[in-house]
Amino acid sequence: MDSQTQNTSLQRLQNVEKRIVRVLELAGGVMDELANPTGPRKEFVNNHCREFMQLIKDIQVSLREEIKSACDYRPFEKCDYSSRIANEICCKKLEYVISQLDGMKQTIGDYHSEV
């Protein structure tokens, strides 16, 4: 991830954090209102609950986007280590097959010379 992408991702996550704090404030405000000795004000509770639900939806969308963005990030995408190792393993396998073929060739040669 380049520096620019990291900064914008970090900023988006900081905004999510601020929204989470606001959600907690709203929940606390509703709890206070429900505990009010004179009874809760319906409009106050409705407004807070509506804002709460909207913020929860926004937070979910933002976090999904960040998770998807993080999953798309592949830091070793251009690394050739695994392909080099696979090639080395193939070379070792080929060397082994060649040595087995040489052994078979030797055995056939020995057999023909005895006959």
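Identification of the protein as Mediator of RNA polymerase II transcription subunit 11 from Rhamnella rubrinervis is taken from an unreviewed UniProt entry.

On the secondary structure map, Glu33 appears in helix H1 (residues 3–34). According to the relative accessible area criterion, Glu33 is buried, its value standing at 5%. Sequence-distant contacts of Glu33, that is, excluding residues within four places in its chain, are made with Gly39, Pro40, Arg41, Phe44 and Val45.

Quick look at the environment of Glu33 now. Here the alpha-carbon distance between Glu33 and Val45, two residues 12 residues apart in the chain, equals 7.2 Å. Reaching out from Glu33, the side chain makes a polar contact with the backbone nitrogen of Arg41 at a distance of 2.8 Å.

Counted by the stated rule, this structure contains five salt bridges. For Arg12, the salt bridge is made with Glu66, and the minimal N-O distance between the two is 2.4 Å. Of this pair, Arg12 sits in helix H1 while Glu66 sits in helix H2 (residues 42–72), placing them 54 residues apart in sequence. One salt bridge in this structure joins Arg22 and Glu25, with 3.6 Å as the shortest N-O distance. Of the two residues, Arg22 and Glu25 are both situated in helix H1; the distance of three residues between them amounts to about one turn of the helix. Salt bridges sharing common partners tie together Arg22, Glu25 and Glu51.

Cut-offs and rules
Residues numbered from 1 in each chain as written. Predicted model: local features only at pLDDT ≥ 70, side-chain atom pairs only at ≥ 80, totals over all residues. Heavy atoms only, no water. Helix = DSSP H or I, 4+ residues; strand = E, 2+ residues; numbered from the N terminus. Buried < 20%, exposed > 50% of the residue type's maximum accessible area, 1.4 Å probe, protein only. Contact = heavy atoms within 4.5 Å. Polar contact = N/O pair within 3.5 Å; in protein donor to acceptor, adjacent residues only side chain to side chain. Salt bridge = Lys/Arg side-chain N within 4 Å of Asp/Glu carboxyl O.

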